[in-house]
Structures are given as structure tokens and as C-alpha cells.
Amino acid sequence: MARSPWIVVVGGGHAGVEAALAAARLGARVTLVTLDARAVGRMSCNPAIGGLAKGQLAREIDALGGLMGEAADHAAQQYRMLNTRKGPAVQSPRAQVDKERYAAFVRERVAHTPGVELLEGQVRAVRERAGRLTALELTDGSQLHPDAAVLTTGTFLRGLMHVGDKVSAGGRVGEAPAQELSASLSALGLELLRLKTGTPPRVDARSVDLSGLEAVDAPPGDQGFSFRVPVPAERASVASHVTHTHEALHELVRVNLHLSPYGRGALEGTGPRYCPSLEDKVARFPDKLSHRLFVERETRDGHSLYLNGLSTCLPLDVQRELVRGLEGFADARLLRPGYAVEYDALPAWQLRPSLECRAVNGLFLAGQINGTSGYEEAAAQGLMAGLNAVRACRGEAAAVLGRHEAYVGVLIDDLVTSSPREPYRMFTSRAEFRLSLRQDNADRRLAPRAAEWGLIHESFAASVADKEARLASAQRALGHDDAPLRRELRRGAELDEDFARRAGLHELLRDADERFQLQLDVSYAGYIARQARTVARRDELAAERLPEDLDYAAISGLKTEAREVLARVRPVDLAQASRLAGVTQADLALLMLSRRGPARA
């Protein structure tokens, strides 16, 4: 019997947890190295899972056997579907969750997963020989010699936290940074870049009056993130509230902008474009007189309020004045100030689509170290990195999801191909096949792949296969003779029980979810067929593999811009090459000729 591979996962955040659990499900021995075992699964910023496009990622993680959806359903305080005024393709689930219950659920699962051991410590160096990982060195001088490792360091690589002119070392409040690992990665020849992110102040709920604010409560329903585990029978619904900034507060920001590291240029890193600080909002949108803020409880029974939309690193006294200027917050007490954090990350062109480092075989990277922002983006990468670490140890081909298969595929392809220079956030607009990549059908799309890779229990795979068979039978039952019914569905008629009886489908479909699936299958059939033709053309390009050691400088006729980007990214096939900025159709033709060699006489 072959020895089980030993995988070391560095970091116990969302990426690290999913990497560790995925590797363990495949039979690997896993050591999860973390600075503080009590911080495993901790939600370091907003108390929510999902959101626009992020909800699709969370449901895909669940369909692939990951933990995030289960944990979110267990800890949910409020569950809502976003974008309901738009089509189903861009609707996304979001759950406001109890951060303590979420983290406790994750820690419990990690602690009781066979094959996973927790090790408190800090990795300070990666050792390699001849381009192959040999060891991870800890700050106490000890070494680990795994078969593969997954780095999920979050915001801890040379992390610096800023509040006004006060700077402290740390990747998260109350937690020390990883100071030495960055130097080790640089010594391996890897390029690093500096990024930044921020978080809003936390306010004591006992010091505010929310009675005059607009309440946002969850609509009735039993929806959840997990396909595999039923939604808890008893689920609390905790309202969030809406308040707004106003011009007087914007003026307060402008007057004190020089005291913020944003305003005085003290931050080296690039921040997230789509989640700016209040200082950035005021400076970039001077004509906008108000910004909406969501007031969310961080825990069900605690007193900490999260001011979603008020990320700032102004001095503490200015933050206090800002918060007290909001409606309902005149006597607010701050439990913790907002702050900005700078950290090191790696441009992800240095990774293969498997998330393995090109320079060091056996070393995988996932999460914010790859330049992403958000829990869901991190968890998706972690799951795929843990899966591929085991597959690499076993000599198996990398598991890679295409852009047409999953938002997970879009995410990783964007990272390794376009390699963003600012924190990356997933949006539905990034997914060109979003009509197929809906949140409601993630199980149908991904359970077969997850079963193939050994990530899910066969009972779940069988239940999804049965569901697919029922939907196929319903499609056949509609037949060509039921064109009027199809036209009604395409016009948006709801496939309720009465409609199902008229169409003869009532005995074929199990519940409202399956009726909804059939309705969308019919409604989008033409668009999806068109997408399938596009995918087929991409598959032709993907079949044209490119050697990793291809000498692009030797290919006559390639433009300088194309030669440079191809040599840096080293695409695995012509499909990936076609998505690189600066590579034209003429360049692709030259690549195809070079791959096939000169024509025979």
C-alpha cells in the first residue's frame, strides 16, 4: 500500500482550513501550522459569507465538498438573496453570520477531522533543492520535511497596521506578523508586491440607538449555502440597519485627511479598488454627498457592531467624532478603531493553474498571498491548492476548473493569467459564462468533478446524478409538442405545481428547487447552446499545449510585447495564451506553428 502523502498547510484562515480538509479527505496526512490555534477559522473583517459573485463561490466550495457553506448555515443570523430585481444568473446569496459561532464550528471540524493535526508555530523559511521543496523552517529552528506545502499567509507577511500616525507590526489586531518568510520567498527568486486593505471601527451596541434607522431583515425561506447538509431547523434572524454619512462628516474627513496614512501617502501598498476606505471615497467622489453604511451585529449575543462601508485609518479621536456624527450614534463607544493593514503578496503569474509555484515544485499558494481579497476567494483557492498538492504527490494530473465550469475557474485563471496588481475581488461581470454558472446549479455543475477527484461522499454524488436524471426526464416530457408551455417558461412564467401538472411534470420533479432548475434550463437553452459553441472553440485552443520551457525568444515574428508576457506567464496552452494582454491572433498563429514544427515537404 502506497504511503499517504504528508501535506503541511501554513495558516489557519479560510484558505488554510479548506486546503487542510481537502487534503485530508483524499487520505493525506496534514499538519496545519498556525500562530494561534484559537484563531483557526477566524473571520478577521466583515461578519458575512457570500454576496455578489461571492455567493456563487461559496456554493461552489460546498459542491466541491468544502466547509464554508456548512459553517455559514450553522452560524447564519440573516440570509438574503441579492440582485433579485435582476435575472437569476447574477443573483447571489449572502448570510450575515455570528463570527464566534462560525469560527467555533470550523475549529471543531478541524479538530475532529482524521489525519489533521494542529501545530502552533511560525514558518520563517522555505527550503528547496534543484527547484523542489525540501523543508519548511520554523522560528524555533525546527524543520518540517513534507511532500508538499500550501502557504496561506493572509495579511501576515510583513504585516503593518496603521491608525493615524501610529504603526504597529501585525497581520490582524492582536496577532503578530510573519516577518522572516517574505525574505525567504524573495531569496527563492519570487517577486513580491505590497498590498493593503482595511477594516471599519467596531461600536458597542449598548451605546447606540438604532430605533430610528431603516431595518433590513431576512425574507422568509429556508435557503442556505450547503447542498449537502440540511439548513438548521431553528435559525435566528437578526436585523441589520442602514445609516448614512453626510456632508458634515465628509468635511471632517477632508480637514483631517493629512492625519490619515492614506492622505499623507504613508501606505506603500495598493488597496482594493472596489472596497475603498472612507478617505478614498471622499477624495475620489467629491460630488457624492452621502454614502450608505450597513450596521451589522458581529455575534448573536454580543455587543459588537460592524459598520460596513466605514473602513478608515484616521486617528482614533477623529474616528470617534465620525461615528458619533452618524444618525443613532451620538453617544457611541468604540470597541476598536478601524485600521489599514499592509502586507506582502506574490503576483500570481508565478503560479501554475494548479496554484503550484513554478520556481519550487511542491510549494502551493492560496488566498491573500496570491493578491485576492475576501473570505470566499481565499477558501476557493485553498480547496483547489489542497486538492492539487495531494494529486501532485501522487503523480496525478492537476485538477483545473475551466472558466465555463465554475467561478472558481474564473478566479484562478484571472489570477495566473492577468495577475492583478491590486487586491482581486470576484464579480459576476468577470464570468463570461455566468448564465450557466448560477448559484442554484453549482451542485449539478461540480459534483461530478468533485466525485471524480474524490472530494465528496458517493451518496451526495449519487443524489445529484438522480436530480440530473429527473430534470432530463422532465425536459423529454416537455418535448416538441409542448411549444406553448416552453414559450410561457421563456417569458418568465413560474413553474409552480399547477403548471407542472399541466405539463405532466408533477411526478417527475421532486420540489420547487427542481421546478426552478427546469424553468431556467428551458429559458436559457438558446444562450447556453451558444455558449457551448464558444467553449468548444476554446477547447480546441486548450488542446494545443505549450511546453513550460518553450523559448519564446526563438520564435520569429512574435511582437516584443507578446514575447515578454508569454515568457513571464508561461501559459499552459493556446487558450490561456489567447487571454493574455498583448497577445494577438497573429501571435497565436505563430505559437501554433512553432508547437507543431515546420510543415513537411
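The residue numbering used here restarts from 1 in each chain and proceeds along that chain's sequence as written. Since the coordinates come from a predicted model, pLDDT governs what is reported: local features require at least 70, and pairs of side-chain atoms require 80 or more to be given and counted, while whole-chain, interface and lining totals use all residues. The side-chain quantities take in all heavy atoms of the structure and omit both hydrogens and water.

Caption draft 1: How the structure looks around the overall build of the chain. The helix and strand labels rest on DSSP assignments: H or I over at least four residues marks a helix, E over at least two residues marks a strand, and numbering proceeds from the N terminus. Per the secondary structure count, the chain includes 19 helices and 21 strands. Along the first, second and third principal axes, the C-alpha set of the chain runs to 75 × 65 × 55 Å. Put simply, the chain has 601 residues, and 55% of those count as buried. Note on contacts: a residue pair qualifies if any of its non-hydrogen atoms lie within 4.5 Å across the two residues. Across the chain, contacts joining residues at least 24 apart in sequence account for 73% of those joining residues at least 6 apart. Exposure categories follow from relative accessible area, calculated using a 1.4 Å probe and restricted to protein chains: below 20% of the type maximum is buried, above 50% is exposed, and the middle band is partly exposed.

Caption draft 2: Spotlight on the pattern of salt bridges. Salt bridge, as used here, is a side-chain nitrogen of Lys or Arg placed within 4 Å of a carboxyl oxygen of Asp or Glu. Counted under the stated rule, the structure contains 40 salt bridges. Between Asp62 and Arg228 there is a salt bridge whose closest N-O contact spans 3.1 Å. Note that Asp62 is positioned in helix H2 (residues 54-63) and Arg228 in the loop between strand S15 (214-216) and strand S16 (240-244), a separation of 166 residues in sequence. With a relative accessible area of 26%, Arg228 lands in the partly exposed category. Across the pair Arg470 and Glu514 runs a salt bridge whose closest N-O atoms are separated by 2.5 Å. Of this pair, Arg470 sits in helix H12 (residues 458-478) while Glu514 sits in helix H15 (residues 512-523), placing them 44 residues apart in sequence. Glu514 sits in the buried class, given a relative accessible area of 3%. Each of the salt bridges in this network shares a partner with another, and the network as a whole consists of Arg403, Asp413, Asp414, Glu432, Arg538 and Arg579.

Caption draft 3: Structural context of the side chain of Ser436. Relative to the helices and strands, Ser436 is located in the loop between helix H10 (407-418) and helix H11 (442-453). For the purposes of these results, a polar contact is taken to be a pair of N or O atoms within 3.5 Å, where, inside protein, one atom must be able to donate a hydrogen and its partner to accept one; residues adjacent in sequence count only when each atom of the pair is a side-chain atom. Only 2.9 Å separates the side chain of Ser436 from the side chain of Gln531, close enough to count as a polar contact. Apart from the residues within four sequence positions on either side, Ser436 is in contact with Asn441, Arg445, Ile528 and Gln531.

Caption draft 4: Spotlight on the sheet that holds strand S11 (residues 160-163). Think of it this way: DSSP has to see at least two bridges between two strands before they count as a pair. An order of S12-S11-S20-S13 is seen for the four strands of this open sheet, with the pairing classed as antiparallel. Each end of this open sheet is capped by a strand with a single partner; those strands are strand S12 (166-169) and strand S13 (193-199). Sheet twist, expressed as the average angle between the axes of neighbouring strands with direction ignored, equals 25°. Where S11 and S12 come together, four bridges link them in antiparallel fashion. Each residue of the ladder has a partner; that of Met161, found in S12, is Ser168. Axis geometry follows a simple rule: fit a line to the C-alpha atoms, using only the stretch in contact for helices, then measure angles between N-to-C directions, giving values from 0 to 180 degrees.

Caption draft 5: Inspection of the nonpolar core at higher detail. For this analysis, a nonpolar core means a set of buried residues of the types Ala, Val, Leu, Ile, Met, Phe, Trp, Tyr and Cys, connected via side-chain atoms within 4.5 Å. Core analysis: the largest hydrophobic core is formed by 108 residues, its most contacted members being Ile7, Ile49, Tyr102, Val126, Val150, Leu185 and Met384. Ranked by the residues each element gives to this core, the list is headed by helix H9 (residues 375-393), at ten residues. The contact partners of Leu185, leaving out residues within four places of it in the chain, are Val126, Leu151, Leu157, Leu190, Leu192, Leu346 and Ile369. Grouped together as the second largest cluster of nonpolar side chains are 23 residues, Ala205, Leu278, Leu307 and Leu314 included.

Caption draft 6: Region of the structure containing the packing of H12 against H15. At their nearest, the axes of H12 and H15 sit 10 Å apart, and the two run at 55° to each other. Classed by the angle they form, the pair H12 and H15 counts as oblique. Read as a crossing pair, H12 and H15 show a hand that is right-handed. Judged by residue contacts, Lys467, Arg470, Leu471, Ala474, Gln475 and Leu478 of H12 engage Asp513, Glu514, Gln517, Leu518, Asp521 and Val522 from H15. Charged residues are taken to be Asp, Glu, Lys and Arg, nonpolar residues to be Ala, Val, Leu, Ile, Met, Phe, Trp, Tyr, Cys and Pro, and polar residues to be all remaining types, Gly included. Looking at the contact of H12 with H15, its residues break down into five nonpolar, two polar and five charged. When describing relative orientation, an angle under 35 degrees is termed roughly parallel and one over 145 degrees roughly antiparallel, while 65 to 115 degrees is termed roughly perpendicular and anything else oblique. Left-handed describes a crossing in which the near helix is turned anticlockwise from the far one by less than a right angle; the clockwise case is right-handed.

Caption draft 7: Here's a closer look at the sheet that holds strand S8 (residues 132-138). Judged by pairing direction, the sheet is antiparallel, and its three strands sit side by side in the order S7-S8-S9 without closing on themselves. The outermost strands of the open sheet, each flanked by one partner alone, are strand S7 (123-129) and strand S9 (143-144).

Caption draft 8: Local environment of the packing of helix H1 (residues 14-25) against H9. Put simply, H1 and H9 touch, their axes get as near as 7 Å, and they point 30° apart. When the interaxial angle is binned, H1 and H9 end up roughly parallel. Two packed elements cross with a definite hand, and for H1 against H9 that hand is right-handed. Residues His14, Ala15, Glu18, Ala19, Ala22, Ala23 and Arg25 of H1 pack against Tyr375, Ala378, Ala379, Gly382, Leu383, Gly386, Leu387 and Val390 of H9. When grouped by side-chain class, the residues that make up the contact of H1 with H9 number ten nonpolar, three polar and two charged.

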